[in-house]
Amino acid sequence: MNPSGWLWGGALVVVLISVYAWYAGMVRKRNKALQALSGIDIQLRKRFDLIPNVLKIAGRFMEHERDLMKELTELRSRAMEVYDKGDPGSVEKHLAAAAAVQPAMTNIFAAAESYPELRSSDNMLAAQHTYTEVEGHLAAARRTYNATVESLNSSIQIFPGNLIAALAGIKVMPFYEESVGAAKLPVSAGDYLG
Amino acid sequence: MSVHEQLEIDRSRPELAGFDDYYANRISPRLAALASEQRKARTWAAWISSIGLVVTAVLIWSLRRHYHVGKWFEPGDDGRPGWAFWVTAAFVASWLGTAIWKLMELKSSVKGSLLKEVSAFFGFEYEQRPGSHNLGEFSAARLVPSYDRARTEDRFSGCHAGVDFELFECFLSAETGSDEDRGSKQVYHGLLFSFSFPKAFSGQTVVLKDQGRMLNFLKGWKHSGERIKLEDPRFEKHFEVWGTDPIEARYLLTPTFMERVVELAEAFGSSKLELCFRNKRLLISVPVVRNQFEGGGMLTDVRSKKRVEIIVREFTRLFDIVNTLKLNIRTVV
């Protein structure tokens, strides 16, 4: 082989190694994002397990808040639907449904403030405390997931990542955004301080 | 206490409310009692030193006069003084050493009394020589470098603003050189704090001082877990985080808590503040240059209010950590 042949061959090897390294990096980042998504699901599971207990405690006192409780039950069922982790659209839908539960849950606790008996109930206080704890863990899981998604999406969207991702079928993943309703809710110091 | 004798302490601090009265009623009388011991010790040390010098001088004079021992003092071929010179030097040193030992003994006693009294005001317990059994957690968390010899002193423990704590001063040294050129150098001197933390956690999260890419890498690989990049750019500029569980690390290091850690690091200036969440405790290492909680030397008057002012200032570091990090409040965001 002549010298220019060696040169082209060498360049091709370098390009192939770089492409593979980029591809391996993307796969690693996708796996990390999926792992972080599982972390969110673990925390969501805790939140969902808590909801029936809260509704059971609140149901005895909050006769006039039936609509609120029904809405929460529906949102919980929707968020608990099985989804495809490999499909970004399905993940986005799942995360949006999960995010919608938080303002409904906060509404229930806010409404409970109007019922003195419920407000002073030990069970309700314990549920509120557990909810705050779960929300703390969920916020941490959300930050972890968003950090991994940011890293994955950057590697996919920056050239030549977009070409490699298209060939390998790796897609950008959605961020887990706080629901608009939750962001607009009035801030209560008690929600943030244990 | 007259206006002129007032302590120079930060009276805006709620922790120091009533300290002036406590100083006047408890500490000042105790220091006055110690002052008479100081006078006696200083006189005794001065006498011992003088007698030592006079005895040595008379001994040399008479030996030289009657036994002509001058040549034993003269330098040999190698230019070093004769053996009699060294015997005399050792003799003088032993007298002076005895005097210094007496003063050091008093210094230790004064320091112990003073720290005990000031600790009692804050409701803390004090141990002058605590041993190194408390060092294990900090060593396991790698907040202190590896060492061959450890010395700890001035351990305080108790509860401040509902937060259990332990604090002690630590000196670590490591052996250097080979068999023939063996030595020892100090590798760490600092204050080590251990606090109860209001959140439950099971893994380990270490917050290290950012020291540039290369040093971070060299220091970081020793820590268990992975490097966790956090969202706060100010925090990331000061620190880098290693942890066994990234979700737990973010649960502990909330955006608000990160702001507080940065605030604390900036308040402590250039000192290399480092933290670790481990075994349900928050461990903090603050390297220092000057020996802490010493209470001054024995050549100045033991009643000097400066001694108390310095100790009180040294205690405020503890209060600053608890208050700035708000360790008594469980932050969710």
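Values in this document were obtained by computation on a predicted structure and should not be read as measured data.

The rules behind each value
- The residue count restarts for each chain, going from 1 along the sequence in the order it is written.
- Chain A is the first chain written and ligand 1 is the first ligand written, with later ones labelled in order.
- Only residues with pLDDT of at least 70 get local features here, since the model is predicted, and only at 80 or more are side-chain atom pairs given and counted; chain-wide, interface and lining totals rely on the full set of residues.
- Calculation of side-chain values draws on the structure's entire complement of heavy atoms; hydrogens and water are dropped beforehand.
- Secondary structure elements follow DSSP: runs of H or I no shorter than four residues count as helices, runs of E no shorter than two count as strands, and numbering proceeds from the N terminus.
- The globule rule used here is 2.2 Å times the number of residues to the 0.38 power, and the radius of gyration it is set against is calculated over C-alpha atoms.
- Only protein chains enter the calculation, and the probe is 1.4 Å; a residue is then buried if its accessible area is under 20% of its type maximum, exposed if over 50%, and partly exposed in between.
- Each accessible area value is a Shrake-Rupley result obtained with a 1.4 Å probe; residue values ignore everything except the protein chains displayed when judging cover.
- For the purpose of charge, His is not counted, nor are the chain termini; Lys and Arg are scored as positive and Asp and Glu as negative.
- To locate a charge, take NZ of a lysine, CZ of an arginine, CG of an aspartate or CD of a glutamate.
- One side-chain nitrogen of Lys or Arg within 4 Å of one carboxyl oxygen of Asp or Glu is enough to make a salt bridge.
- The definition of a nonpolar core used throughout is a set of buried Ala, Val, Leu, Ile, Met, Phe, Trp, Tyr and Cys residues joined through side-chain atoms within 4.5 Å.
- Source of the domain bounds: an automatic or database domain assignment.
- By definition in these notes, contact holds between two residues if any of their heavy atoms fall within 4.5 Å.
- Should DSSP find at least two bridges between two strands, the strands are taken to pair.
- The convention used is that axes are lines fitted to C-alpha atoms, helices contributing only their stretch in contact, and that angles between N-to-C directions extend from 0 to 180 degrees.
- Geometric relationships in this document are graded by angle, where less than 35 degrees denotes roughly parallel, more than 145 denotes roughly antiparallel, 65 to 115 denotes roughly perpendicular, and other angles denote oblique.
- Helix crossings get a hand from a simple test, with the near helix turned counterclockwise from the far one by less than a right angle marking a left-handed crossing and a clockwise turn marking a right-handed one.
- Only Asp, Glu, Lys and Arg are considered charged, only Ala, Val, Leu, Ile, Met, Phe, Trp, Tyr, Cys and Pro nonpolar, and every remaining residue, Gly among them, polar.
- Expected span of a helix: the number of residues minus one, times 1.5 Å.
- Comment: arc refers to directions from the helix axis out to C-beta atoms.
- Values of pLDDT, which run from 0 to 100, indicate the predictor's confidence residue by residue.

## Re the overall build of chain A
Looking only at helices and strands, chain A has 8 helices and 0 strands in total. Secondary structure elements of chain A, listed N to C terminal, follow the sequence α-α-α-α-α-α-α-α. Computed over the C-alpha atoms, the radius of gyration of chain A is 23 Å, more than 25% above the 16 Å expected from 2.2 N^0.38 for a compact globule of 194 residues. Each of the three principal axes of chain A carries a C-alpha extent, and together these read 90 × 30 × 25 Å. For chain A, with 194 residues in total, the buried portion stands at 42%. Of the roughly 11000 Å² of accessible surface on chain A, a fraction of 60% belongs to carbon and sulfur atoms. When the 20 positive and 20 negative side-chain charges of chain A are each reduced to one mean point, those points stand 7 Å apart.

## Quick look at the pattern of salt bridges
Residues and elements named next belong to chain B. All told, the structure shown has 28 salt bridges over all chains when counted by the stated rule. For Arg13, the salt bridge is made with Glu15, and the minimal N-O distance between the two is 3.5 Å. Overall, the relative accessible area of 12% leaves Glu15 in the buried class. For the salt bridge of Glu175 with Arg149, the shortest nitrogen-to-oxygen distance reads 3.6 Å. Of this pair, Glu175 sits in strand E3 (residues 163-176) while Arg149 sits in strand E2 (residues 149-160), and the two are 26 residues apart along the sequence.

## Section: the nonpolar core
Within the largest apolar cluster, 120 residues are counted, with the highest numbers of intra-cluster contacts made by Tyr145 of chain A together with Phe19, Phe195, Phe235, Leu282, Ile284 and Leu327 of chain B. Residues lining this core come from more than one domain, with at least three contributed by each of domain 1 (14-122) and domain 2 (125-325) of chain B. Setting aside anything within four residues of it in sequence, one finds Leu282 of chain B in contact with Phe193, Ser194, Phe195, Phe197, Phe257, Leu275, Cys276, Phe277, Leu325 and Leu327 of chain B. Of all hydrophobic cores here, the second largest spans 15 residues; its members include Phe168, Val206, Leu208 and Cys276 of chain B.

## A short note on the sheet that holds E3 of chain B
Hydrogen bonds along the backbone pair up the strands of a sheet, which may run parallel or antiparallel. All names here are of chain B. The 9 strands lie next to each other as E1-E2-E3-E4-E9-E8-E5-E7-E6, forming an open sheet whose pairing is antiparallel. Two strands lie at the open edges of the sheet, namely strand E1 (125-127) and strand E6 (226-228), each paired on one side alone. Across the sheet, the axes of successive neighbouring strands diverge by a mean angle of 20 degrees, strand direction being ignored. Inspection of the sheet shows strand E5 (residues 205-209) paired to strand E8 (residues 274-278) by 3 bridges, in the antiparallel sense. Directly across from Thr205, in E8, lies its bridge partner Phe277. Across the sheet, helix H9 (residues 305-325) is in contact with E2, E3, strand E4 (183-196) and strand E9 (281-287); its angle to E4 comes to roughly 50 degrees.

## Some thoughts on the packing of helix H8 (residues 255-267) of chain B against H9 of chain B
Residue and element names in this part refer to chain B. Put simply, H8 and H9 touch, their axes get as near as 9 Å, and they point 155 degrees apart. Relative to H9, H8 is oriented roughly antiparallel. The chirality of how H8 crosses H9 is right-handed. Contacts from Phe257, Arg260, Val261, Glu263 and Leu264 in H8 reach Asp320, Ile321, Thr324 and Leu325 in H9. Residues that form the contact of H8 with H9 fall into these classes: 5 nonpolar, 1 polar and 3 charged.

## Considerations on helix H2 (residues 66-79) of chain A
Residue and element names in this part refer to chain A. Here H2 spans 20 Å end to end across 14 residues, near enough to the 20 Å set by a 1.5 Å rise per residue. Among the residues of H2, those classed as buried are Met69, Leu72, Leu75, Arg76 and Ala79. Each buried residue of H2 sits inside an arc of 125 degrees when the element is viewed along its axis, so together they form one side. Structural note: H2 exposes Asp67 and Lys70 on the side pointing more than 90 degrees away from its buried face. Packed against the buried residues of H2 are helix H1 (3-59) and helix H3 (88-112).

## With respect to unusual backbone geometry
That bond from Phe159 of chain A to Pro160 of chain A is cis: its omega, 5 degrees, falls within 30 degrees of zero. One non-glycine residue with positive phi stands out, namely Arg142 of chain B, at about 60 degrees. By the secondary structure assignment, Arg142 of chain B is in the loop between helix H4 (136-140) and E2. Here Ala161 of chain B, not a glycine, exhibits a phi torsion of approximately 50 degrees, which is positive.

## Thoughts on the confidence of the model for chain A
For chain A, mean pLDDT is 87; residues scoring 70 or higher make up 91% of the total. The secondary-structure element of chain A with the lowest mean pLDDT is helix H8 (residues 189-192) of chain A, recorded at 48, while H1 of chain A shows the highest, at 92.

## Re the packing of helix H3 (residues 83-122) of chain B against H9 of chain B
All names here are of chain B. Contact pair H3 / H9: the axes reach a minimum separation of 11 Å and the direction vectors enclose 45 degrees. Relative to H9, H3 is oriented oblique. As H3 runs across H9, the sense of the crossing is right-handed. Between H3, through Leu114, Leu115, Val118, Ser119 and Phe122, and H9, the contact on the second element is made entirely by Arg307, Val308, Ile311, Phe315 and Phe319.

## Focus: the pairing of E5 of chain B
Every regular strand shows the same layout, with side chains that alternate between the two sheet faces. All names here are of chain B. With 5 of 5 residues buried, E5 is to be regarded as a mostly interior element. Residues Thr205, Val207 and Lys209 point to one face of E5 and Val206 and Leu208 to the other, with burial holding for every one of them. In this structure, E5 lies alongside strand E7 (residues 239-243), joined through 5 bridges in antiparallel fashion. Of the residues in E7, the one forming a bridge with Val207 is Val241.

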